[in-house]
Amino acid sequence: MSGFVSQRAALLLLLGCLTALGAGALHALDRGWVGPLLPLERIGFDGELARLQASELRAALSGSLQGGLLTADVTAIREAVESRPWVATATVRRVWPDALRVTIDAHQAVAIWGEGALMNTDADLFRPSPLPDLALPALAGPPGSAERVLARYRALQARLEPVSLKAVALTLNERRAWTLTLDGGAVVRLGRDSVDARLARFVAAWQQLPETDQRQPAVADLRYPDGFALRWQDEE
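Here's what I pulled together on the structure shown here. (Residues numbered from 1 in each chain as written. Predicted model: local features only at pLDDT ≥ 70, side-chain atom pairs only at ≥ 80, totals over all residues. Heavy atoms only, no water.)

Attention shifts here to the nonpolar core. Formed by 31 residues in total, the largest nonpolar core has its most connected members in M119, L139, L160, L170, L180, L190 and L199. Contributing elements (two or more residues each) for this core: β4 (109–113), β5 (117–120), α5 (146–160), β8 (167–172), β9 (178–182), β10 (187–191) and α6 (195–206). Ignoring any residue separated from it by four or fewer positions in sequence, one finds L190 in contact with L156, W178, L180, V195, R198, L199, L222 and R223. L52, A80, W86 and F126 belong to the second-largest nonpolar core, a separate cluster that totals 21 residues. (Core = buried A, V, L, I, M, F, W, Y, C linked by side-chain atoms within 4.5 Å. Buried < 20%, exposed > 50% of the residue type's maximum accessible area, 1.4 Å probe, protein only. Helix = DSSP H or I, 4+ residues; strand = E, 2+ residues; numbered from the N terminus. Contact = heavy atoms within 4.5 Å.)

This is the structure we're talking about:
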């Protein structure tokens, strides 16, 4: 019996010591004593950094690096990095004994949107300044239409591929009518309704043109029920 009591007393003593240690650690954190013991000496970046400068990222973090390794606010650091235009998401992790590592997932631009914005693969918009000179299609539409316009552009470009025509711009106006611009400057007026069918009819007719006809179209109006009107660039 005495042995059982001794073991129980030892267990209670151990639990008491652990509780005291935990309370001491919390007190040390509260008083900021852990910061000096584990100072934050380094911060590194990896991931998709082609359009990001480490110096720019460190400048963005200048107000978020207070405290030591254990007390640094990793949420504030992540949000500061994600505030940069080219950063889609960021993750921050502590690296023993004195560093933070920030891994960046950058936006992949697939189109120019309106005036001064870029669009990524998910049709999310971001606004780097200055806007880089990129060979991307120019898309535009009413507020909230970015995802719809990107999906329509991809579908129309796929329909043009059999005749080697390339779409370089697509606009959806306030009346919900579509206008496509081709490489070379041709304007294709698609209208509001039956857009895919109208373009398919145009592509089928284009395939019948003789290969020796090298003229470039100026305007193709596809908004007719059974055909389309075409004007060439060398015509008045």
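Having put the structure on the table, let's press on.
Within the secondary structure, S145 is located in the loop between β7 (138–140) and α5. Taking relative accessible area as the criterion, S145 reaches 8% and is therefore assigned buried. Every residue in contact with S145, bar those within four places of it in the chain, is listed here: W113 and L172.

For the rest of this paragraph, the subject is α5. For α5, with 15 residues, the first-to-last C-alpha span of 21 Å sits near the 21 Å given by 1.5 Å per residue. The set of residues buried in α5 consists of A146, V149, L150, Y153, L156, Q157 and L160. Within α5, the buried residues cover an arc of 135° as seen down the axis, which keeps them to one side. (Expected span 1.5 Å × (residues − 1). Arc of directions from axis to C-beta.)

What follows is about the packing of aromatic side chains. For the structure on display, the rule yields four aromatic pairs. Consider the rings of F202 and F228, whose centres lie 5.3 Å apart with planes at 70°: the pair is edge-to-face. Taken together, the residues F202 in helix α6 and F228 in the loop between β11 (217–221) and β12 (229–232) connect sequence positions 26 residues apart. With relative accessibility at 2%, the residue F202 sits in the buried group. For F228, a relative accessible area of 29% corresponds to the partly exposed category. Ring centres 6.0 Å apart and planes at 40° place the aromatic pair W206 and W232 in the tilted group. On the criterion of sequence distance, the pair formed by W206 in helix α6 and W232 in strand β12 is long-range, its members being 26 residues apart. The rings of F202, W206, F228 and W232 are connected pair by pair, giving a single aromatic cluster. (Phe/Tyr/Trp six-rings, centres within 6.5 Å; stacked < 30°, edge-to-face > 60°.)

Turning next to the environment of R42. For R42, the location among the structural elements is in strand β1 (residues 42–47). Between the alpha carbons of R42 and P97 there is a distance of 9.9 Å; along the sequence they are 55 residues apart. Excluding residues that lie within four positions of it along the chain, R42 makes contacts with D98, A99 and L100. Among the polar contacts made by the side chain of R42, one reaches the side chain of D98 at a distance of 3.0 Å. (Polar contact = N/O pair within 3.5 Å; in protein donor to acceptor, adjacent residues only side chain to side chain.)

Ordered in space as β6-β5-β4-β7-β8-β9-β10-β11-β12, the nine strands form an open sheet in which the pairing is mixed. Here the strands that pair on one side only, and so sit at the sheet edges, are β6 (125–126) and β12. For β9 and β10, the ladder comprises four bridges, and the chain directions are antiparallel. Within β10, the position partnered with T179 by the bridge is R189. Packed on one face of the sheet, α5 meets β4, β5, β6, β7, β8, β9 and β10 and runs near 140° to β8. Of the strands in this sheet, β9, β10, β11 and β12 are in contact with α6, which crosses β10 at around 140°. (Pairing = 2+ DSSP bridges. Axes fitted to C-alpha atoms, helices over the stretch in contact; angles between N-to-C directions.)

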